[in-house]
Amino acid sequence: MENARMKFYCDESRCIECDGCSIACAEAHELPAGIARRKVITIHEGIPGKEVSTSIACMHCTDAPCEQVCPVDCFYIREDGVVLHDKEKCIGCGYCLYACPFGAPQFPREGIFGSKGAMDKCTMCAGGPLATNSHHEFELYGQNRIAEGKVPVCAAMCSTKALLVGDAESVSNVIRARVAARGGKGFNSYGWDKAYKNQ
Amino acid sequence: MRKYIYTLIALLGFATVAFGAADSQIWGEMRIQNILGYGQEESLKLGAWFTFLQSKYFAWVFLGVLIGVPTVFFLHYKIVGQKVFPHSHNKHYAFNLFHRTIHQVAAVSFMVIIPTGFIIVFGDFFGGGTLVRMAKNLHGIFTIPFAIVILPMALMWIKEAIFNLEDIKWFMILGGYLSKKKRIINATQFNAGQKMWYWVCILGGLVMILSGAMMFFMDFKIEMLHNLTGLSHIDMLRASAIIHNVMGFILVAVFFTHIYMAAVAIKGAIHSIITGYVEEEEVKFLHNAWYKKLKEKGKF
Ligand code: HEM
Ligand code: SF4
Ligand code: SF4
């Protein structure tokens, strides 16, 4: 069997802008103030028919641009497509943010000079390179729910199940069924093409 | 001077306060522009451009400059060699304590900024982590002394750095540095090469400070900048990163040239900026127009 490709998908016709996903994420990973790995945004606000809300975090892109630009090469991409990075290698230069189409990488301020600390972003609840479920891993990357066989917390908590995560095929099946039930409307999700290159 | 330093410190302070108080320009509501600005038809596609250039070219060009420029000078040293002028008792006091102090602060800053810049660029070679992070922090910290001296340095030498018609002739023969022969060059206090370094260092230095500061502060709000450039905040950061790298190539190449000229190409020339005294023979041959003027004034 080929490896599953993990993807996020936010069904814009269901998202009610409740912010549950981003709060669940911040709570579960005990993120410091000022870091929001996931954020709900509203696009085309006030334009009738075009206004949509969607939940954005790191999309774990195909050919991830962040991984391409990092000067210390601290990213690694798991076989299931989850894009992770090594915070102990990261120097906080900001390049990954400049390359990212979604503004996902974020930087806490550190030290007396207030320089940018190690980058932080969504891990798809898959932790980091340290020993799985160790205290050290939790401190740096948050929960490793994938290793425990659990769904990423944002999608698990989504009250309308707008936010989906899983292997590409299962996600596509859910969407296809929903789109069919809605009479063919609302297939596209913001950033989906960009992140996965229509694959 | 004092006032100028205070203003600088105040500005740095304000920028930090602005960061804490203002809404995030990148991760808040503005995150939408960030997304819209990436590779969309109507935008400059700076995100895609930065990704392309940084992933494919920047480090290689830096490696090319790091190896290429010293190679050229090594060949010059082997083939043409040093110019040696007799150091007699006749000297002229050309650089006073103020000139030298300003120059030395800039010199020390560069000696930290440039190697650390290379360590960041080749961060994967150095394995990332503490060492490269330290390099990043030193790179930023030593920008402060450079930023303090850059304007005084610009002002104290601007009169000597204006190009004139003689400079075209200097460029045609590259100042006579391609031949072993000593010939009289009709340059003023600074020759065309030195003038070029002045402008690259001052204008390029300002560009490096500004683009570096943008990347350092990252999340700040200066409305004027957006109106002026028409760019979203994230695109300004991307432009800064591109400009910092491209200007970096030029600055490093000309900086290496400056070091070679002062420390190697003309034997002992470096002492003039340490002691303040220039040698009569050197001035006579390499800066003849200046020499004549000094003679008229009864110097030497
Ligand atoms: C007068 C010259 C220069 C000045 C004033 C300057 C200043 C700065 C500053 C203030 C930053 C932001 C630091 C931070 O985010 O913590 C920066 C970043 C950077 N500089 Fe420079 N720089 C100069 C020359 C160079 C050169 C020659 C190179 C390459 C060899 C270079 C490579 C970099 C890189 C790769 C970054 C991005 C990584 C980072 O932000 O740490 N810089 N520079
Ligand atoms: S969304 Fe951004 S941070 Fe996440 S994989 Fe894509 S480029 Fe990297
Ligand atoms: S901030 Fe860290 S992860 Fe991002 S490009 Fe720089 S070193 Fe790599």
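Look above for the structure.
Residues numbered from 1 in each chain as written. Chains lettered and ligands numbered in written order. Predicted model: local features only at pLDDT ≥ 70, side-chain atom pairs only at ≥ 80, totals over all residues. Heavy atoms only, no water.

> When you look at the overall build of chain A in this model, what are you seeing that I'm missing?
Counting its regular elements, chain A contains seven helices and eight strands. In chain A, which comprises 199 residues, the share counted as buried stands at 54%. Of the roughly 8800 Å² that chain A leaves accessible, carbon and sulfur atoms contribute 53%. (Helix = DSSP H or I, 4+ residues; strand = E, 2+ residues; numbered from the N terminus. Buried < 20%, exposed > 50% of the residue type's maximum accessible area, 1.4 Å probe, protein only. Areas by Shrake-Rupley, 256 points an atom, 1.4 Å probe, with all protein chains shown as cover.)

> Honestly, the overall build of chain B in this entry has me stumped. Any pointers?
For chain B, the count of helices and strands is 14 helices and two strands. The 300 residues of chain B split such that 45% are buried. Expressed as a percentage of contacts within chain B between residues at least 6 apart in sequence, the contacts between residues at least 24 apart total 79%. As displayed, chain B has an accessible area near 15800 Å², and 72% of this comes from carbon and sulfur atoms. Charged side chains of chain B number 27 positive and 16 negative; the gap between the two group centres comes to 12 Å. (Contact = heavy atoms within 4.5 Å. Lys, Arg positive; Asp, Glu negative; His and termini not counted. Charge placed at Lys NZ, Arg CZ, Asp CG, Glu CD.)

> Looking at this model, I keep getting lost on the coordination of the iron atom of ligand 1. Mind explaining?
A metal bound by six donors in octahedral fashion has ideal angles of 90 or 180 degrees, whereas one bound by four tetrahedral donors has an ideal angle of 109.5 degrees. Residues and elements named next belong to chain B. Donor atoms from the polypeptide that bind the iron atom of ligand 1 are His139 (NE2) and His244 (NE2), placed at 2.0 Å. What the six donor atoms of the iron atom of ligand 1 show is an angle range of 86 to 179 degrees at the metal, which sorts the shape as octahedral. Of this pair, His139 sits in helix α6 (residues 129-141) while His244 sits in helix α11 (residues 233-265), and the two are 105 residues apart along the sequence. The same class applies to His139 and to His244, which are both buried. (Donors = N, O, S within 2.8 Å, 3.2 Å for Na, K, Ca; no water. Tetrahedral: all angles 85-135°; square planar, octahedral: opposite > 155°, others 65-115°.)

> Explain helix α3 (residues 46-56) of chain B to me, please; I cannot follow it from the model alone.
Note: α-helices contain 3.6 residues per turn, so residues at a spacing of three or four share the same orientation. Residues of α3 of chain B that are buried: Leu46, Gly47, Phe50, Thr51, Leu53 and Gln54 of chain B. The secondary structure elements touched by the buried residues of α3 of chain B are α2 (65-69) and α3 (95-99) of chain A together with α4 (58-79) and α11 of chain B.

> Sorry if this is basic, but what is going on with the side chain of Ser22 of chain A here?
Residues and elements named next belong to chain A. Following the sequence through the fold, Ser22 ends up in helix α1 (residues 20-28). Of the residues examined, Ser22 reaches a relative accessible area of 14% and is grouped as buried. Setting aside chain neighbours within four positions, we find Ser22 in contact with Arg38 and Lys39.

> Just to check I follow, could you spell out α4 of chain B for this structure?
All names here are of chain B. With 22 residues, α4 ought to run about 32 Å at 1.5 Å a step, and its terminal C-alpha atoms sit 31 Å apart, in line with that. All buried positions along α4 are accounted for by Phe58, Phe62, Val65, Val69, Phe73 and His76. For α4, the arc enclosing every buried residue in end-on projection is 80 degrees, short of the 170-degree limit, so these residues lie on one face. Turned more than 90 degrees from where α4 packs its buried face, Trp60, Ile67, Lys78 and Ile79 sit exposed. Buried residues along α4 sit in contact with α3, α5 (97-121) and α11. (Expected span 1.5 Å × (residues − 1). Arc of directions from axis to C-beta.)

> When you look at the environment of Glu137 of chain A in this model, what are you seeing that I'm missing?
Residues and elements named next belong to chain A. Position of Glu137 relative to the elements: it lies in helix α4 (residues 135-141). Discounting residues that sit within four places of it in the chain, Glu137 has contacts with Ala126, Gly127, Gly128, Leu130, Ala131, Thr132, Gly142 and Asn144. At 3.1 Å, the side chain of Glu137 forms a polar contact with the backbone nitrogen of Gly128. (Polar contact = N/O pair within 3.5 Å; in protein donor to acceptor, adjacent residues only side chain to side chain.)

> Is there a simple way to think about the pairing of strand β2 (residues 39-43) of chain A in this case?
Along any regular strand, the residues point their side chains to alternate faces of the sheet. Residue and element names in this part refer to chain A. With five of its five residues buried, β2 lies for the most part within the structure. Across the two faces of β2 the burial is the same, with Lys39, Ile41 and Ile43 and Val40 and Thr42 all buried. With five bridges joining them, β2 and strand β3 (residues 52-56) adopt antiparallel strand pairing. Looking at β3, one finds that Ile41 is bridged to Thr54. (Pairing = 2+ DSSP bridges.)

> I keep staring at the packing of α3 of chain B against α11 of chain B and nothing clicks. Help me out?
Between two packed helices, what matters for the description is the angle formed by their axes and the separation of those axes. Residue and element names in this part refer to chain B. As a packed pair, α3 and α11 sit with axes 9 Å apart at the nearest point and diverge in direction by 30 degrees. Of the possible angle classes, the one that applies to α3 and α11 is roughly parallel. Our pair here, α3 against α11, has a crossing hand that is left-handed. Between α3 and α11, the residues in contact are Leu46, Gly47, Trp49, Phe50, Leu53 and Gln54 and Asp235, Arg238, Ala239, Ala241, Ile242 and Asn245, respectively. Grouping the amino acids of the contact of α3 with α11 by side-chain chemistry returns seven nonpolar, three polar and two charged. (Axes fitted to C-alpha atoms, helices over the stretch in contact; angles between N-to-C directions. Parallel < 35°, antiparallel > 145°, perpendicular 65-115°, else oblique. Left-handed = near helix turned anticlockwise from the far one by under 90°. Nonpolar A, V, L, I, M, F, W, Y, C, P; charged D, E, K, R; others polar.)

> Mind showing me how you'd approach the site of ligand 3 here?
Near ligand 3 lie 14 residues; those nearest to it are Cys70, Cys90, Cys93, Gly94 and Cys96 of chain A. Taken together, the residues of the shell around ligand 3 break down into 12 nonpolar, two polar and no charged. (Near = heavy atom within 4 Å.)

> Please explain the nonpolar core as it appears in this structure.
Where a protein is soluble and globular, its nonpolar side chains tend to be buried together. Of all hydrophobic cores here, the largest spans 124 residues; its most connected members are Phe8 and Tyr98 of chain A together with Phe146 and Met153 of chain B. If one sorts the elements of this core by residue count, α11 of chain B sits on top with 15 residues. The residues touching Phe8 of chain A, leaving out its near neighbours within four places in the chain, are Arg38, Cys58, Met59, His60, Cys122, Met124, Cys154, Leu163, Leu164, Val165, Trp192 and Tyr196 of chain A. Within the second largest apolar cluster, 10 residues are counted, among which are Phe85, Trp170, Ala192 and Phe285 of chain B. (Core = buried A, V, L, I, M, F, W, Y, C linked by side-chain atoms within 4.5 Å.)

> Honestly, the environment of Gly47 of chain B in this entry has me stumped. Any pointers?
Along the chain, Gly47 of chain B turns up in helix α3. A C-alpha to C-alpha distance of 44 Å links Gly47 of chain B and Phe98 of chain B, two positions 51 residues apart in sequence. Sequence-distant contacts of Gly47 of chain B, that is, excluding residues within four places in its chain, are made with Tyr98 and Ala99 of chain A together with Tyr38, Asp235 and Arg238 of chain B.

> I'm lost on the packing of aromatic side chains in this one. Help?
Any two aromatic rings considered together are summarised by their centre-to-centre distance and by the angle between their planes. Applying the stated criterion across every chain yields a total of 27 aromatic pairs over all chains. Judged by centre distance (5.6 Å) and plane angle (40 degrees), the rings of Phe85 of chain B and Phe285 of chain B are tilted. Residue Phe85 of chain B is found in the loop between α4 and β1 (91-93), and its partner Phe285 of chain B is found in helix α13 (residues 280-286); the two are separated by 200 residues along the sequence. Here Phe85 of chain B and Phe285 of chain B have matching classes, each one buried. An angle of 90 degrees between the planes, with centres 5.4 Å apart, marks the rings of Trp170 of chain B and Phe171 of chain B as edge-to-face. Taking relative accessible area as the criterion, Trp170 of chain B reaches 10% and is therefore assigned buried. Of the residues examined, Phe171 of chain B reaches a relative accessible area of 34% and is grouped as partly exposed. If you follow Lys87 of chain A out to its NZ or CZ, it ends over the ring of Tyr141 of chain A, 5.8 Å from the centre. Over the face of the ring belonging to Phe216 of chain B we find Arg109 of chain A, whose NZ or CZ atom lies 5.9 Å from the ring centre. (Phe/Tyr/Trp six-rings, centres within 6.5 Å; stacked < 30°, edge-to-face > 60°. Lys NZ or Arg CZ within 6 Å of the ring centre and 35° of its normal.)

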